[in-house]
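Structure assessment
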2 protein chains.
Amino acid sequence: MAPRDGFQSVGPVIPTREKIRIIAALYDAGLRRIEVTSFVGPAVPQLADAVEVLAAARALAGLDAQVLVPNQRHAERALAAGARHLAFFLSVSERHNENNVRRSVAESVAEYARVAAIRPAGVKLRLNLATAFDCPFEGRVAESATLELLGRLLEVESDAEVALCDTTGRVTPGHVAALFTAAMQQYPRVAAWAFHAHDTYGMGAANALAAWQAGVSVFDASAGGLGGCPFAPGATGNVATEDLVWMFDGMGVASGVELGRLAAVGREIARLPGAQTGGRVREALARSAEIGSGQHMGGLKK
Amino acid sequence: MAPRDGFQSVGPVIPTREKIRIIAALYDAGLRRIEVTSFVGPAVPQLADAVEVLAAARALAGLDAQVLVPNQRHAERALAAGARHLAFFLSVSERHNENNVRRSVAESVAEYARVAAIRPAGVKLRLNLATAFDCPFEGRVAESATLELLGRLLEVESDAEVALCDTTGRVTPGHVAALFTAAMQQYPRVAAWAFHAHDTYGMGAANALAAWQAGVSVFDASAGGLGGCPFAPGATGNVATEDLVWMFDGMGVASGVELGRLAAVGREIARLPGAQTGGRVREALARSAEIGSGQHMGGLKK
């Protein structure tokens, strides 16, 4: 998510060639699915170069270059630019949806139907349910509200991947496990489930663990933990990709990512002007390499 | 652990009255068990005021004031100062034990027997197994090595609480769950199990979740995530107490701690000169209070 959820949070505009270089570096680290940009309006100037970024990403063999689109018009732009994987999003809570895309939830459902209708054969679709657990305005979102909305969306389109998003980062593992378990039971034919975690309250890895235990195998994360919001100092991004790779590597769950290279990209991303970062693994690995066999022991260690 | 594993990591000596004030503030936030200091030699000048700190902690009604002791001599000092809860520690790996307490593991087992022998009735004992999972020098520690050593220690003393410690912070949830599960199966009569997590690789909360799922209900943590090592910049401490309380609160697991007050103490601790801190909840809560209902929305949020 670094090139989309991450970059959009950075104030100073990042040169297009720099974005393309970072996407290529993530690819070189082994990532084969990246949300590379979003086709959106002028409200997000950081992503105004979506056409160029997508074109460069498409040149990377075997990369599943996902792009976020808020509506039919931008989905058409994305498709014209060669997108083969669209991600649509709406919020479960009315107030967040209104604030985010200036529509009612019902209007977003209708928009989703329009996006699904124009999707050519072979183009993949992901459906993101923001505020699936918790809303910054309305607090905890009832499980029944998320499940009911998901049911309406699955009537529109049955073969999308479904991501339940912890938009606020306030969610804890029990809630993550309970909602995914309920959703999987109620909608067993969903093609794939994904979890989108923010690490604002330090729960990113623990929540991903809970989602994995519930049966989820697609995880959104941001290299360097890049994210946040230029208007909310200290707000944080998605869980750091390198932290999740560390966790899953340790658990014997293969991701195809070479952690050392990914951490190096994370460190580069952390140096972008205006970057707000998160995660611990990339610095821990750098320190571990510096101190070698670990002579630095002070005090009593247990 | 902030007043012990935390303070010992801070270079500039913290005034005794400041330590006592922080312990009282943690108590006021609802904590009823605190490792308040360690009785050790002059190698750890930060903890030279153990007698005064323990005396102040004992004045807090209902506080279980645990103190760490490395050997019989210091256990005697602690008991003379009124300690009612001793925590002993040794490492599973020879090299870490040698580096930490200048003894072989066998010598530490014998020392543990001497500490257990002088323990008066009614004084509680905790046994910390450092490097139970992983050693900074020797890498992953075999499960059999930890279990075998634990067996020898349980022959010495059968009613201690046993803490398995992730000394390096490199451990991941599968390993945590597997070792606790095996240990509980092999030694079902252990009075209580505890998990001591460091957050160096961001796994503190996820590992605590895994330990909790395995049946552990005692968790070491440090307010403000205070910890690390004055000689290893960026080394990190125990998982932040406020992050674990946030997680367990969210899961309906009561800790008796008032999170808002705890987070305020964590912010104070983070301002100590020389403090290396960790964790995210205390700042997230402060931000959340500042921005009120959450108007700060920039970009597309999912």
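Heads up: the structure comes first, above all this text.
Residues numbered from 1 in each chain as written. Chains lettered and ligands numbered in written order. Predicted model: local features only at pLDDT ≥ 70, side-chain atom pairs only at ≥ 80, totals over all residues. Heavy atoms only, no water.

When you line up the elements, Ser 93 of chain A lands in the loop between β3 (85-91) and α5 (94-101). Residues within four places of Ser 93 of chain A in sequence aside, it is in contact with Val 105, Thr 131, Cys 135 and Glu 138 of chain A. (Helix = DSSP H or I, 4+ residues; strand = E, 2+ residues; numbered from the N terminus. Contact = heavy atoms within 4.5 Å.)

A few words now on the packing of helix α2 (residues 16-28) of chain B against helix α3 (residues 50-58) of chain B. All names here are of chain B. Between α2 and α3, whose axes approach to 10 Å, the crossing angle comes to 30°. Between α2 and α3, the angle is such that the two are roughly parallel. Once α2 is placed against α3, the crossing between them reads as right-handed. Judged by residue contacts, Thr 16, Lys 19, Ile 20 and Ile 23 of α2 engage Glu 52, Val 53, Ala 56 and Ala 57 from α3. (Axes fitted to C-alpha atoms, helices over the stretch in contact; angles between N-to-C directions. Parallel < 35°, antiparallel > 145°, perpendicular 65-115°, else oblique. Left-handed = near helix turned anticlockwise from the far one by under 90°.)

What follows covers the pairing of strand β2 (residues 64-69) of chain A. All names here are of chain A. Where burial is concerned, most of β2 is hidden: 6 out of the 6 residues are buried. Of the two faces of β2, the one holding Asp 64, Gln 66 and Leu 68 and the one holding Ala 65, Val 67 and Val 69 are both buried throughout. Note: strand β1 (residues 33-38) against β2, 5 bridges, orientation parallel. Each bridged residue has a counterpart across the sheet, and for Ser 38 the counterpart in β2 is Leu 68. Since β1 and β2 lie parallel, the crossover through helix α3 (residues 50-58) that links them has a hand, and here it is right-handed. Sheet topology note: the β2/β3 ladder contains 3 bridges and is parallel. (Buried < 20%, exposed > 50% of the residue type's maximum accessible area, 1.4 Å probe, protein only. Pairing = 2+ DSSP bridges. Right-handed = clockwise from strand over helix to strand, strands pointing away.)

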